[in-house]
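Below are the chains, spelled out letter by letter.
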Amino acid sequence: LGATGCLVLAEMHLTRGEHEEGRQLLSAAAHNKLSTSNALWHRYLTGVHAHRLGWGEEAHRAYSEVVADGAALVPSLSLQAQFMLGFLPPLHQQASPLSKLANDGLRRSKKQGDRMRELGFQLLLAFADVRSGSLASARIRLQQLQDAYALAGRPGQTAALLCRVGRLYQEMGDADVADRCFNLALAQARQIDNPRVLAEALTFVADRHLEKAEYPDSMLLHLEALALRRQGQGAWAVATSLRGAGVAGLRQDLAHQSR
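Residues numbered from 1 in each chain as written. Predicted model: local features only at pLDDT ≥ 70, side-chain atom pairs only at ≥ 80, totals over all residues. Heavy atoms only, no water.

Caption draft 1: Focus on the packing of aromatic side chains. Considering all chains together, one arrives at five aromatic pairs under this definition. Aromatic pair Tyr44 and Tyr63: ring centres 5.9 Å apart, planes at 40°, arrangement tilted. In this pair, Tyr44 sits in helix α3 (residues 36-52) while Tyr63 sits in helix α4 (residues 56-73), placing the two residues 19 residues apart along the sequence. Residues Tyr44 and Tyr63 agree in their burial class; the two are buried. The interplanar angle of 15° and the centroid separation of 4.9 Å between the aromatic rings of Phe182 and Phe204 together place this pair among those described as stacked. (Phe/Tyr/Trp six-rings, centres within 6.5 Å; stacked < 30°, edge-to-face > 60°. Helix = DSSP H or I, 4+ residues; strand = E, 2+ residues; numbered from the N terminus. Buried < 20%, exposed > 50% of the residue type's maximum accessible area, 1.4 Å probe, protein only.)

Caption draft 2: How the structure looks around the pattern of salt bridges. Taken as a whole and assessed by the stated rule, the structure comprises 16 salt bridges. Note that Arg117 and Asp114 form a salt bridge whose closest N and O atoms lie 2.6 Å from each other. Overall, Asp114 belongs to the buried group, its relative accessible area being 14%. Residue Asp129 is joined to Arg141 by a salt bridge in which the shortest nitrogen-to-oxygen separation is 2.8 Å. (Salt bridge = Lys/Arg side-chain N within 4 Å of Asp/Glu carboxyl O.)

Caption draft 3: Broad picture of the packing of helix α12 (residues 215-229) against helix α13 (residues 235-258). Where α12 contacts α13, the two axes come as close as 8 Å, and the packing angle between them is 160°. Of the possible angle classes, the one that applies to α12 and α13 is roughly antiparallel. Where α12 crosses over α13, the handedness of that crossing is left-handed. Along its contact with α12, which presents Tyr215, Pro216, Ser218, Met219, His222, Leu223, Ala225, Leu226 and Arg229, the element α13 presents Ala237, Val238, Thr240, Ser241, Leu242, Gly244, Ala245, Ala248, Gly249, Arg251, Gln252 and Ala255. Across the contact of α12 with α13, the residue classes tally to twelve nonpolar, seven polar and two charged. (Axes fitted to C-alpha atoms, helices over the stretch in contact; angles between N-to-C directions. Parallel < 35°, antiparallel > 145°, perpendicular 65-115°, else oblique. Left-handed = near helix turned anticlockwise from the far one by under 90°. Contact = heavy atoms within 4.5 Å. Nonpolar A, V, L, I, M, F, W, Y, C, P; charged D, E, K, R; others polar.)

Caption draft 4: Representation of helix α6 (residues 95-112). Taking 1.5 Å per residue as the helical rise, α6 with its 18 residues ought to reach 26 Å, and the 25 Å between its terminal C-alpha atoms agrees with that figure. Buried within α6 are the following residues: Leu98, Leu101, Ala102, Gly105, Leu106, Arg108 and Ser109. Buried residues along α6 sit in contact with α4, α5 (75-85) and α7 (115-132). (Expected span 1.5 Å × (residues − 1).)

Encoded structure:
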(Lines give C-alpha, C1' and ligand atoms only; values in the text may rest on other atoms or scores of the structure.)
Protein backbone atom coordinates (compact mmCIF):
# COMPACT_ATOMS: atom_id res chain seq x y z
CA LEU A 1 0.00 0.00 0.00
CA GLY A 2 1.10 3.55 -0.66
CA ALA A 3 0.78 6.36 1.88
CA THR A 4 -2.73 7.32 0.81
CA GLY A 5 -3.96 3.73 0.99
CA CYS A 6 -2.48 3.31 4.47
CA LEU A 7 -4.17 6.49 5.66
CA VAL A 8 -7.55 5.50 4.22
CA LEU A 9 -7.40 2.16 6.02
CA ALA A 10 -6.02 3.74 9.20
CA GLU A 11 -8.94 6.17 9.34
CA MET A 12 -11.39 3.32 8.75
CA HIS A 13 -9.95 1.28 11.63
CA LEU A 14 -9.74 4.24 14.00
CA THR A 15 -13.32 5.21 13.18
CA ARG A 16 -14.37 1.68 14.12
CA GLY A 17 -12.34 1.80 17.35
CA GLU A 18 -9.72 -0.70 16.15
CA HIS A 19 -6.75 1.11 17.66
CA GLU A 20 -3.93 -1.34 17.10
CA GLU A 21 -4.71 -1.83 13.41
CA GLY A 22 -4.94 1.95 13.03
CA ARG A 23 -1.58 2.46 14.76
CA GLN A 24 0.14 -0.09 12.54
CA LEU A 25 -1.18 1.59 9.39
CA LEU A 26 -0.15 5.04 10.61
CA SER A 27 3.34 3.67 11.21
CA ALA A 28 3.39 2.14 7.72
CA ALA A 29 2.25 5.44 6.16
CA ALA A 30 5.02 7.33 7.97
CA HIS A 31 7.64 5.21 6.16
CA ASN A 32 6.44 6.62 2.82
CA LYS A 33 7.16 10.06 1.42
CA LEU A 34 4.07 12.04 2.45
CA SER A 35 2.63 14.90 0.45
CA THR A 36 1.75 18.05 2.40
CA SER A 37 -1.93 17.16 2.58
CA ASN A 38 -1.19 13.54 3.54
CA ALA A 39 1.20 14.72 6.25
CA LEU A 40 -1.59 16.81 7.74
CA TRP A 41 -4.00 13.87 7.47
CA HIS A 42 -1.44 11.62 9.17
CA ARG A 43 -1.03 14.17 11.98
CA TYR A 44 -4.79 14.41 12.45
CA LEU A 45 -5.20 10.63 12.63
CA THR A 46 -2.30 10.47 15.10
CA GLY A 47 -4.32 12.87 17.23
CA VAL A 48 -7.45 10.72 16.92
CA HIS A 49 -5.48 7.63 17.96
CA ALA A 50 -4.07 9.44 21.00
CA HIS A 51 -7.46 10.95 21.85
CA ARG A 52 -9.25 7.60 21.84
CA LEU A 53 -6.60 6.09 24.11
CA GLY A 54 -6.78 8.98 26.57
CA TRP A 55 -3.40 10.55 25.72
CA GLY A 56 -4.66 14.11 25.99
CA GLU A 57 -1.42 16.08 25.62
CA GLU A 58 -0.37 14.21 22.48
CA ALA A 59 -3.84 14.58 20.97
CA HIS A 60 -3.86 18.31 21.78
CA ARG A 61 -0.52 18.85 20.05
CA ALA A 62 -1.58 16.96 16.94
CA TYR A 63 -4.97 18.67 16.59
CA SER A 64 -3.50 22.13 17.24
CA GLU A 65 -0.89 21.65 14.52
CA VAL A 66 -3.54 20.56 12.01
CA VAL A 67 -5.79 23.51 12.92
CA ALA A 68 -2.95 25.97 12.33
CA ASP A 69 -1.17 24.37 9.37
CA GLY A 70 -4.26 23.07 7.58
CA ALA A 71 -6.37 26.25 7.62
CA ALA A 72 -5.18 27.32 4.18
CA LEU A 73 -4.17 23.91 2.76
CA VAL A 74 -6.98 21.55 3.83
CA PRO A 75 -9.70 23.70 5.45
CA SER A 76 -12.13 20.82 6.10
CA LEU A 77 -9.47 18.83 7.97
CA SER A 78 -8.46 21.91 9.93
CA LEU A 79 -12.09 22.42 10.97
CA GLN A 80 -12.47 18.79 12.00
CA ALA A 81 -9.32 18.99 14.14
CA GLN A 82 -10.66 22.16 15.76
CA PHE A 83 -13.94 20.40 16.55
CA MET A 84 -12.13 17.44 18.11
CA LEU A 85 -9.93 19.81 20.10
CA GLY A 86 -13.06 21.05 21.85
CA PHE A 87 -13.61 17.65 23.46
CA LEU A 88 -10.21 17.46 25.15
CA PRO A 89 -9.77 18.35 28.82
CA PRO A 90 -9.29 20.81 30.36
CA LEU A 91 -10.66 22.94 27.48
CA HIS A 92 -13.87 20.92 27.33
CA GLN A 93 -14.67 21.88 30.92
CA GLN A 94 -13.90 25.61 30.61
CA ALA A 95 -16.80 27.71 29.36
CA SER A 96 -15.00 30.80 28.05
CA PRO A 97 -12.13 29.15 26.11
CA LEU A 98 -14.50 26.50 24.75
CA SER A 99 -16.96 29.18 23.60
CA LYS A 100 -14.14 31.11 21.90
CA LEU A 101 -12.94 28.01 20.03
CA ALA A 102 -16.48 27.01 19.04
CA ASN A 103 -17.48 30.47 17.82
CA ASP A 104 -14.36 30.65 15.66
CA GLY A 105 -15.11 27.20 14.25
CA LEU A 106 -18.73 28.18 13.65
CA ARG A 107 -17.64 31.26 11.70
CA ARG A 108 -15.21 29.24 9.59
CA SER A 109 -17.67 26.41 8.89
CA LYS A 110 -20.39 28.86 7.82
CA LYS A 111 -17.90 30.54 5.49
CA GLN A 112 -17.11 27.16 3.92
CA GLY A 113 -20.77 26.11 3.75
CA ASP A 114 -20.01 23.03 5.88
CA ARG A 115 -23.38 22.29 7.53
CA MET A 116 -22.38 19.20 9.51
CA ARG A 117 -19.38 20.89 11.12
CA GLU A 118 -21.48 23.98 11.76
CA LEU A 119 -23.80 21.76 13.80
CA GLY A 120 -20.78 20.28 15.54
CA PHE A 121 -19.59 23.68 16.74
CA GLN A 122 -23.14 24.46 17.88
CA LEU A 123 -22.84 21.34 20.04
CA LEU A 124 -19.60 22.65 21.55
CA LEU A 125 -21.36 25.96 22.24
CA ALA A 126 -24.10 24.04 24.04
CA PHE A 127 -21.43 22.46 26.24
CA ALA A 128 -20.03 25.94 26.91
CA ASP A 129 -23.53 27.19 27.82
CA VAL A 130 -23.97 24.38 30.34
CA ARG A 131 -20.53 25.00 31.83
CA SER A 132 -21.37 28.71 32.29
CA GLY A 133 -24.84 28.00 33.71
CA SER A 134 -26.70 29.41 30.67
CA LEU A 135 -29.17 26.51 30.62
CA ALA A 136 -31.92 28.29 28.67
CA SER A 137 -29.49 29.01 25.83
CA ALA A 138 -28.21 25.41 26.00
CA ARG A 139 -31.74 24.01 25.67
CA ILE A 140 -32.45 26.13 22.59
CA ARG A 141 -29.26 24.91 20.91
CA LEU A 142 -29.86 21.30 21.93
CA GLN A 143 -33.42 21.26 20.60
CA GLN A 144 -32.14 22.49 17.24
CA LEU A 145 -29.37 19.90 17.26
CA GLN A 146 -31.72 17.11 18.29
CA ASP A 147 -34.03 17.93 15.38
CA ALA A 148 -31.15 18.21 12.91
CA TYR A 149 -29.46 14.97 13.95
CA ALA A 150 -32.75 13.07 13.97
CA LEU A 151 -33.49 14.09 10.37
CA ALA A 152 -29.97 14.16 8.97
CA GLY A 153 -30.19 10.74 7.35
CA ARG A 154 -26.47 10.21 8.01
CA PRO A 155 -26.36 7.92 11.06
CA GLY A 156 -22.63 7.32 10.63
CA GLN A 157 -22.06 10.97 11.48
CA THR A 158 -24.93 11.72 13.83
CA ALA A 159 -25.28 8.75 16.20
CA ALA A 160 -22.24 9.61 18.33
CA LEU A 161 -23.19 13.31 18.40
CA LEU A 162 -26.72 12.47 19.53
CA CYS A 163 -25.14 10.69 22.50
CA ARG A 164 -23.44 13.99 23.42
CA VAL A 165 -26.74 15.85 23.11
CA GLY A 166 -28.31 13.29 25.43
CA ARG A 167 -25.45 13.59 27.91
CA LEU A 168 -25.97 17.36 28.13
CA TYR A 169 -29.70 16.91 28.72
CA GLN A 170 -28.80 14.41 31.42
CA GLU A 171 -26.44 16.92 33.06
CA MET A 172 -29.25 19.49 33.09
CA GLY A 173 -31.67 17.02 34.72
CA ASP A 174 -33.85 16.47 31.63
CA ALA A 175 -33.79 12.68 31.94
CA ASP A 176 -36.74 11.92 29.65
CA VAL A 177 -35.28 13.98 26.80
CA ALA A 178 -31.88 12.40 27.40
CA ASP A 179 -33.46 8.96 27.06
CA ARG A 180 -35.04 9.89 23.74
CA CYS A 181 -31.67 11.07 22.43
CA PHE A 182 -29.84 7.97 23.64
CA ASN A 183 -32.45 5.61 22.21
CA LEU A 184 -32.42 7.41 18.86
CA ALA A 185 -28.62 7.30 18.84
CA LEU A 186 -28.75 3.55 19.50
CA ALA A 187 -31.28 3.05 16.69
CA GLN A 188 -29.02 4.99 14.32
CA ALA A 189 -25.92 3.12 15.48
CA ARG A 190 -27.59 -0.22 14.68
CA GLN A 191 -27.96 0.94 11.06
CA ILE A 192 -24.22 1.22 10.46
CA ASP A 193 -21.20 -1.05 10.63
CA ASN A 194 -19.24 0.73 13.34
CA PRO A 195 -18.65 -1.24 16.56
CA ARG A 196 -17.15 1.77 18.36
CA VAL A 197 -20.23 3.95 17.87
CA LEU A 198 -22.61 1.07 18.60
CA ALA A 199 -20.78 0.17 21.81
CA GLU A 200 -20.86 3.80 22.90
CA ALA A 201 -24.60 4.14 22.29
CA LEU A 202 -25.24 0.83 24.05
CA THR A 203 -23.29 2.09 27.06
CA PHE A 204 -25.27 5.34 27.35
CA VAL A 205 -28.59 3.47 27.20
CA ALA A 206 -27.35 0.78 29.59
CA ASP A 207 -26.24 3.37 32.13
CA ARG A 208 -29.69 4.98 32.02
CA HIS A 209 -31.28 1.57 32.70
CA LEU A 210 -28.91 1.27 35.66
CA GLU A 211 -30.01 4.66 37.02
CA LYS A 212 -33.65 3.55 36.74
CA ALA A 213 -32.90 0.28 38.60
CA GLU A 214 -33.63 -1.77 35.46
CA TYR A 215 -30.69 -4.04 36.15
CA PRO A 216 -31.28 -6.98 33.75
CA ASP A 217 -31.72 -4.61 30.78
CA SER A 218 -28.62 -2.70 31.82
CA MET A 219 -26.53 -5.85 32.13
CA LEU A 220 -27.61 -7.19 28.72
CA LEU A 221 -26.69 -3.96 26.94
CA HIS A 222 -23.37 -3.61 28.79
CA LEU A 223 -22.49 -7.20 27.85
CA GLU A 224 -23.38 -6.51 24.21
CA ALA A 225 -21.07 -3.48 24.30
CA LEU A 226 -18.37 -5.57 25.98
CA ALA A 227 -18.49 -8.17 23.19
CA LEU A 228 -17.92 -5.41 20.62
CA ARG A 229 -15.14 -3.74 22.57
CA ARG A 230 -13.24 -6.97 23.08
CA GLN A 231 -12.66 -7.06 19.32
CA GLY A 232 -9.84 -4.56 19.70
CA GLN A 233 -11.09 -1.27 21.14
CA GLY A 234 -8.52 -1.05 23.92
CA ALA A 235 -8.32 -1.77 27.64
CA TRP A 236 -10.08 1.42 28.76
CA ALA A 237 -13.16 0.74 26.60
CA VAL A 238 -13.30 -2.90 27.71
CA ALA A 239 -13.01 -1.84 31.36
CA THR A 240 -15.92 0.60 30.90
CA SER A 241 -18.23 -2.21 29.81
CA LEU A 242 -16.94 -4.62 32.46
CA ARG A 243 -17.62 -1.99 35.10
CA GLY A 244 -21.15 -1.40 33.83
CA ALA A 245 -22.05 -5.08 33.63
CA GLY A 246 -20.49 -5.74 37.05
CA VAL A 247 -22.37 -2.90 38.75
CA ALA A 248 -25.66 -3.96 37.16
CA GLY A 249 -25.12 -7.57 38.26
CA LEU A 250 -24.16 -6.56 41.80
CA ARG A 251 -27.16 -4.29 42.24
CA GLN A 252 -29.50 -6.94 40.87
CA ASP A 253 -28.13 -9.46 43.42
CA LEU A 254 -28.53 -6.94 46.26
CA ALA A 255 -32.10 -6.22 45.17
CA HIS A 256 -32.90 -9.96 45.21
CA GLN A 257 -31.33 -10.37 48.65
CA SER A 258 -33.29 -7.43 50.08
CA ARG A 259 -36.52 -8.93 48.81
